[in-house]
Amino acid sequence: MRGTLKLLACEVLQFLALATPLLVVLQRFAGVVARAKQQSDSPADASTSYWLIVAAGVAYVTSIALLLWLPLKYLVFLKRRSLSPHRKWRPVALAYVILSTLPCFSLLIASAEVQVMNSMRYDCFDELPVSLVLFSLICIDIVERLRHCRLTGQANELDRDADIPTLSHLEQVTPVITTATGPAAAATLPVGGAEQNGGRVLRPGAANGTIAGLSVGGADPRARPFGQIPVASPHPSPASSIATATRLPPPYSGPLRLLLASDLRADEFGHALLFWLDTAELLRCGGAPAIFFSRWVFPLYICGFLSCLRLVLTPCCPLQAPLGVLLQDLPFLLLRGALLGSFGRVSPLLYLLKNLLVVLAYIYFNFMTKMRIFNTQRMF
């Protein structure tokens, strides 16, 4: 029952995130067209144009919901075998970006052009429409991140979804054994050198079930602050690897333990908001009248839409980092530099420096470190 309620809540929230920005932006666009009609030679057609655009918006939302959104949901939830269980992209997010975000940005550009052509400055779409589009993107991102997580009780580290990065594999580290010489080493090793047991070198005392420095049963006679250190199996299973990885020291139980409270589900909310912070700041600049009623509105919303394409990839996808540089930081760096030269400081310099540092760090650590001059361990 709880799973059904959670699924219903997620689907309702995603559908509202799909339809609400479209209807709001279409209504504001219809108001701009009606105002332009009133200033033209046919003011009687203003009301007709307004309601035609609103009706077209309602018909568009209904059509995509019945013809595209619901069939896609059917494929994702009822025909999961047709989709890879280990996919690194989100079909629902891709459909949302194409069906909702792209029309919204197109309507914002069309609204600017209608006002420029009619020599009017009626609406800059500076706050509600843009904020609503970005908030809907954030809602879609959060729902996709937390879809397979429990919303009640405490988080279980072993049952988290694969979209949330976790340590799920441990590589076995081969111990380095120093070969000793002399009578003591000859007494501890059998005749013929080190004994091989399935490809493993038995250390002194391993034949009788003990290891040098440890007593029988693996107990260490020396005191350890967090209990005994378990001896890993030579052939660990995936389940035992995960269990061993999660054997962390006991949590702090002092009077300030409230300050150490942490839950991965709450962290995902913060990560999702930070993920879209740069895009929100760039689109906020588009609300300035000097930029909105100029030709710079085209590259601004185009770069904003390219940044929204990052929503299609899961957070653990290997392409998230390079596409983040190519779709966001590099275009934003060039655009912010051009806006700074044309309009002054319309955006804080912090975001320009952030884009610059991310691009330089990506180029240096991925390409320049392979050059001979930087590929040395004697520097820094």
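On a predicted model such as this, the values are computed, not experimentally measured, just so you know. (Residues numbered from 1 in each chain as written. Predicted model: local features only at pLDDT ≥ 70, side-chain atom pairs only at ≥ 80, totals over all residues. Heavy atoms only, no water.)

*Asks:* Give a description of the overall build of the protein chain that names residues and reports values.
*Replies:* When you go through the protein chain residue by residue, the secondary structure sums to twelve helices and two strands. Taken across its 380 residues, the protein chain has 34% of its residues classed as buried. When the accessible area of the protein chain is evaluated, it comes to approximately 23700 Å², of which 66% is carbon and sulfur surface. (Helix = DSSP H or I, 4+ residues; strand = E, 2+ residues; numbered from the N terminus. Buried < 20%, exposed > 50% of the residue type's maximum accessible area, 1.4 Å probe, protein only. Areas by Shrake-Rupley, 256 points an atom, 1.4 Å probe, with all protein chains shown as cover.)

*Asks:* Lay out the packing of helix H8 (residues 277-285) against helix H10 (residues 297-308) with the relevant residues and their values.
*Replies:* In the contact formed by H8 and H10, the axes pass within 10 Å of each other and the chain directions differ by 165 degrees. In terms of axis orientation, H8 runs roughly antiparallel to H10. Where H8 crosses over H10, the handedness of that crossing is left-handed. Together, Thr279, Leu282, Leu283 and Cys285 of H8 and Leu300, Tyr301, Cys303, Gly304 and Ser307 of H10 make up the contact between the two elements. Classifying every residue of the contact of H8 with H10 by side-chain character gives six nonpolar, three polar and no charged. (Axes fitted to C-alpha atoms, helices over the stretch in contact; angles between N-to-C directions. Parallel < 35°, antiparallel > 145°, perpendicular 65-115°, else oblique. Left-handed = near helix turned anticlockwise from the far one by under 90°. Contact = heavy atoms within 4.5 Å. Nonpolar A, V, L, I, M, F, W, Y, C, P; charged D, E, K, R; others polar.)

*Asks:* Any details on the side chain of Asn355? Residues and values, ideally.
*Replies:* If you trace the backbone, Asn355 turns up in helix H12 (residues 349-366). Polar side-chain contacts of Asn355 include one of 3.0 Å to the side chain of Asp329. With sequence-adjacent residues up to four places away left out, Asn355 is seen in contact with Asp278, Asp329, Phe332, Leu333 and Arg336. (Polar contact = N/O pair within 3.5 Å; in protein donor to acceptor, adjacent residues only side chain to side chain.)

*Asks:* An account of the nonpolar core is requested, with residue identities and associated values reported.
*Replies:* If you look at the biggest cluster of nonpolar residues, it comprises 59 residues, and the most contacted ones within it are Tyr96, Phe105, Phe292, Leu300, Tyr301 and Leu311. Not counting residues within four places of it along the chain, the set of residues in contact with Phe105 comprises Val133, Leu283, Tyr301, Gly304, Phe305 and Cys308. (Core = buried A, V, L, I, M, F, W, Y, C linked by side-chain atoms within 4.5 Å.)

*Asks:* Please set out the packing of aromatic side chains residue by residue, giving values where relevant.
*Replies:* Applying the stated criterion across every chain yields a total of seven aromatic pairs. For the ring pair Tyr50 and Trp51, a centre distance of 5.2 Å and an interplane angle of 90 degrees mean the geometry is edge-to-face. The class for Trp51 is exposed, based on a relative accessible area of 54%. Joined through ring pairs, the aromatic side chains of Phe125, Phe292 and Phe293 make up one cluster. The side chain of Arg28 reaches across the aromatic face of Phe125, ending 5.5 Å from its centre. Here the basic side chain of Arg310 rests over the ring of Trp276, its NZ or CZ set 5.3 Å away from the ring centre. (Phe/Tyr/Trp six-rings, centres within 6.5 Å; stacked < 30°, edge-to-face > 60°. Lys NZ or Arg CZ within 6 Å of the ring centre and 35° of its normal.)

*Asks:* Go over the packing of helix H11 (residues 320-343) against H12, please, and point to the residues and values.
*Replies:* Where H11 meets H12, the axes come as close as 9 Å, and the angle between the chain directions of the two elements is 135 degrees. When the interaxial angle is binned, H11 and H12 end up oblique. Remark: the crossing between H11 and H12 carries left-handed chirality. Together, Pro322, Val325, Gln328, Asp329, Leu330, Phe332, Leu333, Arg336, Gly337 and Leu340 of H11 and Leu349, Tyr351, Leu352, Lys354, Asn355, Leu356, Val358, Val359 and Tyr362 of H12 make up the contact between the two elements. Here the residues of the contact of H11 with H12 are counted per class, giving 13 nonpolar, three polar and three charged.

*Asks:* Please give an account of a nonpolar patch on the surface that cites residues and values.
*Replies:* There is a patch of nonpolar side chains on the surface, built from Leu340, Leu349, Leu353, Leu356 and Leu360 and spanning about 400 Å² of accessible area. Looking at the nonpolar patch element by element, the count peaks at four residues for H12. Looking at where Leu353 falls in the secondary structure, it is placed in helix H12. According to the relative accessible area criterion, Leu353 is partly exposed, its value standing at 48%. (Patch = residues over 30% accessible without salt bridge, like charges linked within 9 Å, V, L, I, M, F, W, Y side chains within 5 Å. Salt bridge = Lys/Arg side-chain N within 4 Å of Asp/Glu carboxyl O.)

*Asks:* Residues and numbers for the pattern of salt bridges, please.
*Replies:* A complete count under the given rule lists 13 salt bridges for this structure. In this structure, Arg145 and Asp141 form a salt bridge, with 3.1 Å as the shortest nitrogen-oxygen distance. Pair noted here: Arg145 and Asp141 are both in helix H4 (residues 128-146), with a separation of four residues, about one helical turn. As far as burial versus exposure is concerned, Arg145 and Asp141 are alike and both buried. For the salt bridge of Glu281 with Arg284, the shortest nitrogen-to-oxygen distance reads 2.8 Å.

*Asks:* Give a description of the environment of Thr101 that names residues and reports values.
*Replies:* By the element assignment, Thr101 lies in helix H3 (residues 91-117). We classify Thr101 as buried; its relative accessible area is 1%. Sequence separation between Thr101 and Cys308 is 207 residues, and the spatial gap between their C-alpha atoms is 8.1 Å.

*Asks:* Now, about the environment of Asp45: what can you tell me, with residues and values included?
*Replies:* Assignment of secondary structure puts Asp45 in the loop between helix H1 (2-39) and helix H2 (46-77). Sequence-wise, Asp45 and Ala34 are eleven residues apart; in three dimensions their C-alpha atoms are separated by 7.9 Å.

*Asks:* Account for the side chain of Arg336, with residues named and values stated.
*Replies:* You can see Arg336 is positioned in helix H11. For Arg336, the side chain forms a polar contact with the side chain of Asp278, separated by 2.7 Å. Discounting residues that sit within four places of it in the chain, Arg336 has contacts with Asp278, Glu281, Leu282, Ser347, Tyr351, Leu352 and Asn355.

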